[in-house]
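Structural overview for review
Given next are the chains, with one letter for each unit.
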Amino acid sequence: MLKKASKMNKKYSGYLLLALAIGIVLYQYFKYRVAPDFNVNELKLVTIEGKAYPITFKENKLLVISFFTTWCGSCHQEFKEIQQAKFKNLIPNFEFVAITDESLEKLNRYVEHYSYDYIDFVHYPQNVGNIGVHAFPTIYIFNSKGKLLYSKVGL
């Protein structure tokens, strides 16, 4: 009887470990691979000069918001592609805003070094993790009415 109980305990322990592993994988997936939902109008953003930067939606324009960090290679690649596409007028009805929670000094050095003409770089003075952004780039596309059309984590 004891052997049978021991076998059952091992069997249930295996199921418990499997369930725990699945739970951890799902948690990691949703934390780092699914763009979080938040109210973009509530973001308190600051320009590189330190002035308030309100999010605005313009008629007949899509707004692309990208959360990034200055050390993120994928983010830099994304900005280069946006710059090239805008320069060639392949995406005329888009506005781009790049948001980081890194210091204004770091952001200013980045902007001075790379000089992207078609992207508004702004600072979020809190940790972006507080709104659920944990991976970079995290991208959102909104229509002219402010409705979210698309979101993605990664390049």
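Here the structure is a predicted model, which is why all the values come from computation and not from measurement.

Mapped onto the elements of the fold, glutamine 83 is located in helix α2 (residues 73–87). One polar contact links the side chain of glutamine 83 to the main-chain amide nitrogen of aspartate 117, over a distance of 3.1 Å. Setting aside chain neighbours within four positions, we find glutamine 83 in contact with Ser115, Tyr116, Asp117 and Tyr118.

Another aspect to go through is the nonpolar core. Residues Phe68, Phe79, Ile119 and Phe121 are the most contacted members of the largest nonpolar core, which totals 18 residues. Looking at this core, the elements with two or more residues in it are α2, β4 (94–100), α3 (104–114), β5 (119–123) and β6 (138–142). When residues of this core are assigned to their parent elements, the largest contribution, four residues, is made by α2. Apart from residues no more than four positions distant in its own chain, isoleucine 119 is found in contact with Phe79, Ile82, Phe96 and Ala98. Within the second largest apolar cluster, 17 residues are counted, among which are Val40, Leu43, Val128 and Ile131.

Moving on, we get to empty space enclosed by the protein. A full pass over the atoms with the stated rule returns one cavity of 30 Å³ or more. Taken together, Val64, Ser66, Phe79, Ile82, Phe96, Val97, Ala98 and Ile119 form the lining of the largest cavity. Elements with a minimum of two residues in the lining of the largest cavity: β3 (62–67), α2 and β4. The element that contributes the greatest number of residues to the lining of the largest cavity is β4, accounting for three residues.

Within the fold, threonine 47 resides in the loop between β1 (45–46) and β2 (52–53). Not counting residues up to four positions away in its chain, the partners in contact with threonine 47 are Ala52, Tyr53, Leu104 and Val122.

Cut-off values and rules
Residues numbered from 1 in each chain as written. Predicted model: local features only at pLDDT ≥ 70, side-chain atom pairs only at ≥ 80, totals over all residues. Heavy atoms only, no water. Helix = DSSP H or I, 4+ residues; strand = E, 2+ residues; numbered from the N terminus. Polar contact = N/O pair within 3.5 Å; in protein donor to acceptor, adjacent residues only side chain to side chain. Contact = heavy atoms within 4.5 Å. Core = buried A, V, L, I, M, F, W, Y, C linked by side-chain atoms within 4.5 Å. Buried < 20%, exposed > 50% of the residue type's maximum accessible area, 1.4 Å probe, protein only. 1 Å grid on protein atoms, 1.4 Å probe; cavity = no way out; pocket = protein on both sides within 12 Å on 5 of 7 lines; lining within 4 Å. Points joined across faces, edges and corners; volume = space filled by probe spheres on them.

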